[in-house]
Amino acid sequence: MSRYPKYSESNEVEEAIKRILSHKGVVGLVVINHEGIPIKSTMENALSVQYAAQVTQLLDKSRSMIKELDSNNDLTFIRLRTKKHEVLVCPEKDYAMIVIQNPTES
């Protein structure tokens, strides 16, 4: 069995990305694999790598915290708001989607 998404799954991902990017205030989007490597991005490479590295650490720490508090629970979403941006993280089994948006426009 191939680890790569089937055409229909890939098409669904592309459609979801287009929908997300069409939302007002979205600054960028990065999809990272389970190793934290950016596999798709609408941002400059250096910034994509920076977000990927930081979010990977955040996901690892958050998952660990959730499991320590309740071993039957799991992380499903992170929303982090700063003065300048809002970072939305949707972790899945093999990848995570990171959306950066301007909170004053969303």
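Report on the accompanying structure. (Residues numbered from 1 in each chain as written. Predicted model: local features only at pLDDT ≥ 70, side-chain atom pairs only at ≥ 80, totals over all residues. Heavy atoms only, no water.)

Bridge analysis of strand 3 (residues 78-81) against strand 4 (residues 86-91) gives 4 bridges, and the strand direction is antiparallel. Following the sheet pairing, L80 is matched in strand 4 by V87. (Pairing = 2+ DSSP bridges. Helix = DSSP H or I, 4+ residues; strand = E, 2+ residues; numbered from the N terminus.)

With that settled, the discussion passes to the pattern of salt bridges. According to the stated counting rule, one finds 3 salt bridges in the structure shown. Two residues, K18 and E15, come together in a salt bridge whose shortest N-O distance is 3.9 Å. Of this pair, K18 and E15 both sit in helix 1 (residues 7-21), 3 residues apart, which is roughly one turn of the helix. With its nearest N and O atoms 2.7 Å apart, the salt bridge here joins E86 to R79. E86 sits in the buried class, given a relative accessible area of 4%. (Salt bridge = Lys/Arg side-chain N within 4 Å of Asp/Glu carboxyl O. Buried < 20%, exposed > 50% of the residue type's maximum accessible area, 1.4 Å probe, protein only.)

Our focus in this paragraph is the side chain of Q101. Inspection of the secondary structure puts Q101 in strand 5 (residues 95-101). A distance of 2.6 Å separates polar atoms of two side chains, one belonging to Q101 and the other to E86. (Polar contact = N/O pair within 3.5 Å; in protein donor to acceptor, adjacent residues only side chain to side chain.)

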